[in-house]
Amino acid sequence: MPAAQPSRPGAASPDARRPAANPWSVDLRELGRRPGSMQELERTLPAPADWRVELIGVPAGAEVRLRLRLESVMEGVLVTGEVDVPVTGSCARCLEPIEDGLELDVQELFAYEGSTTEATSEEDEVRRVEGDHIDLEPMVRDLVVLSLPLAPTCTEDCAGLCVDCGQRLDDLPADHTHEQLDPRWAGLAARFTAAPNAGADDPEEN
Ligand SMILES: [Zn+2]
Ligand SMILES: [Zn+2]
């Protein structure tokens, strides 16, 4: 990094009024406001820390890949495309770590200030163009967080943990059981095991 230029009072840098600190901010000046004009946008950005639900989320700083198309329309800027994010968490049934990814489709309108869409929508119903910029972060965060499962599983049919020993049932033989008879029944059980012919006529025995 070159040394910062000495700041002269009154000589605002061209970026001074831009929210440059936010990498999710997109400058719309190149796109312009002529309906029909389009711009491709590919960015890989670090995930903020709060994209998560209880058991699963996007690791802070993980790469979020955006492949978007910005289209100028009468009412604002239509953003369509794809978002890819890695997610990590733990299985709600067996607590095994989960590493996965989400591939999500986006389609959102950012309304111009003063547009009919903006005027007829509640504050939180529509995203807005802010001056010459749109901020993609709230849009992508909502998309990602709403796609995160509340009860993620390591495999579709994870059998969870053995209630007796706490081991993963998927790691154990299918016939895994524990001989844990209630002591009150122990005497009765002993009588049955001591009588090898008991149930010999039972057609279901094998
Ligand atoms: Zn599991
Ligand atoms: Zn067990």
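What counts, and where the lines are drawn
Residues numbered from 1 in each chain as written. Chains lettered and ligands numbered in written order. Predicted model: local features only at pLDDT ≥ 70, side-chain atom pairs only at ≥ 80, totals over all residues. Heavy atoms only, no water. Helix = DSSP H or I, 4+ residues; strand = E, 2+ residues; numbered from the N terminus. Buried < 20%, exposed > 50% of the residue type's maximum accessible area, 1.4 Å probe, protein only. Contact = heavy atoms within 4.5 Å. Areas by Shrake-Rupley, 256 points an atom, 1.4 Å probe, with all protein chains shown as cover. Donors = N, O, S within 2.8 Å, 3.2 Å for Na, K, Ca; no water. Tetrahedral: all angles 85-135°; square planar, octahedral: opposite > 155°, others 65-115°. Polar contact = N/O pair within 3.5 Å; in protein donor to acceptor, adjacent residues only side chain to side chain. 1 Å grid on protein atoms, 1.4 Å probe; cavity = no way out; pocket = protein on both sides within 12 Å on 5 of 7 lines; lining within 4 Å. Points joined across faces, edges and corners; volume = space filled by probe spheres on them. Nonpolar A, V, L, I, M, F, W, Y, C, P; charged D, E, K, R; others polar. pLDDT = per-residue confidence, 0-100. Phe/Tyr/Trp six-rings, centres within 6.5 Å; stacked < 30°, edge-to-face > 60°.

Visitor: In this structure, what is going on with the overall build of the protein chain? I would like to understand it.
Guide: Looking only at helices and strands, one finds three helices and eight strands in the protein chain. In sequence order, the secondary structure elements of the protein chain are arranged as β-β-β-β-β-β-α-β-β-α-α. Buried residues in the protein chain amount to 28% of all 206 residues. Partitioning the contacts of the protein chain with sequence separation of at least 6, the portion at a separation of at least 24 is 55%. Carbon and sulfur atoms provide 49% of the accessible area of the protein chain, an area that totals close to 14200 Å².

Visitor: Just to check I follow, could you spell out the coordination of the zinc ion (ligand 1) for this structure?
Guide: Each angle at a metal carrying four tetrahedral donors should ideally be 109.5 degrees, and each at a metal carrying six octahedral donors should ideally be 90 or 180 degrees. Protein coordination at the zinc ion (ligand 1) comes from C91 (SG), C94 (SG), C154 (SG) and C158 (SG), with a distance range of 2.3 Å. Taken together, the four donor atoms surrounding the zinc ion (ligand 1) define angles of 107 to 114° at the centre, an arrangement classified as tetrahedral. Taken in chain order, the donor set of the zinc ion (ligand 1) reads C-x2-C-x59-C-x3-C. For C154, a relative accessible area of 27% translates into the label partly exposed. Residue classification places C158 among the buried residues on the basis of a relative accessible area of 4%.

Visitor: How should I be thinking about the side chain of Q39 in this particular structure?
Guide: Mapped onto the elements, Q39 comes out in strand β2 (residues 38-46). A distance of 3.5 Å separates the side chain of Q39 from the backbone nitrogen of L31, its partner in a polar contact. Other than its neighbours up to four places away in sequence, Q39 contacts E30, L31, L68, R69 and L70.

Visitor: Sorry if this is basic, but what is going on with the layout of surface pockets here?
Guide: In this approach a probe as big as a water molecule rolls over the atoms, and the regions it shows empty are the leftover space. The volume enclosed by the largest pocket comes to roughly 200 Å³. F110, E123, D124, E125, V126, R127, R128, E130, D135, P138 and M139 together form the lining of the largest pocket. Among the secondary structure elements, those contributing two or more residues to the lining of the largest pocket are β7 (127-128) and α2 (136-147). By residue class, the composition of the lining of the largest pocket is four nonpolar, no polar and seven charged.

Visitor: Explain the environment of R127 here, please?
Guide: Note that R127 resides in strand β7. Taking the C-alpha atoms as reference, R127 lies 8.0 Å from M139; in sequence the two are twelve residues apart. Ignoring sequence-local partners within four residues, the contact set of R127 consists of E108, L109, F110, A111, P138, M139 and D142. At 3.2 Å, the side chain of R127 forms a polar contact with the side chain of E108.

Visitor: It is not clear to me how the confidence of the model for the protein chain should be interpreted in this structure. Could you clarify?
Guide: Close inspection of predicted coordinates is inappropriate for parts of the model with low pLDDT. Overall, the prediction assigns the protein chain a mean pLDDT of 85, with 77% of residues at 70 or greater. Scored below 50 in pLDDT, residues 6-13 shows zero contacts in the model against residues more than four places distant or in partner chains.

Visitor: Looking at this model, I keep getting lost on the packing of aromatic side chains. Mind explaining?
Guide: The way to describe two aromatic rings as a pair is by their centre distance and the angle between their planes. Throughout the structure, instances matching the rule amount to one aromatic pair. An angle of 55° between the planes, with centres 5.4 Å apart, marks the rings of W24 and W51 as tilted. One end of the pair, W24, is in the segment before β1 (25-27); the other, W51, is in the loop between β2 and β3 (56-57), with 27 residues separating them in the sequence. Of the two residues, W24 and W51, neither departs from the other in class, the shared state being buried.

Visitor: So what exactly am I meant to see when it comes to the coordination of the zinc ion (ligand 2) here?
Guide: For the zinc ion (ligand 2), the protein coordination sphere consists of C162 (SG), C165 (SG), H176 (NE2) and H178 (NE2), at 2.0 to 2.2 Å. For the zinc ion (ligand 2), the four donor atoms in the first shell make angles of 99 to 115° at the metal, so the coordination geometry reads as tetrahedral. Sequence spacing of the donors to the zinc ion (ligand 2): C-x2-C-x10-H-x1-H. Here C165 falls in the partly exposed class, since its relative accessible area comes to 30%.

Visitor: When you look at the side chain of D84 in this model, what are you seeing that I'm missing?
Guide: Among the secondary structure elements, D84 is positioned in strand β5 (residues 76-90). Looking at D84, the relative accessible area reads 15%, which means it is buried. In contact with D84, not counting residues within four places along its chain, are E63, V64, R65, R67, L102 and E103.

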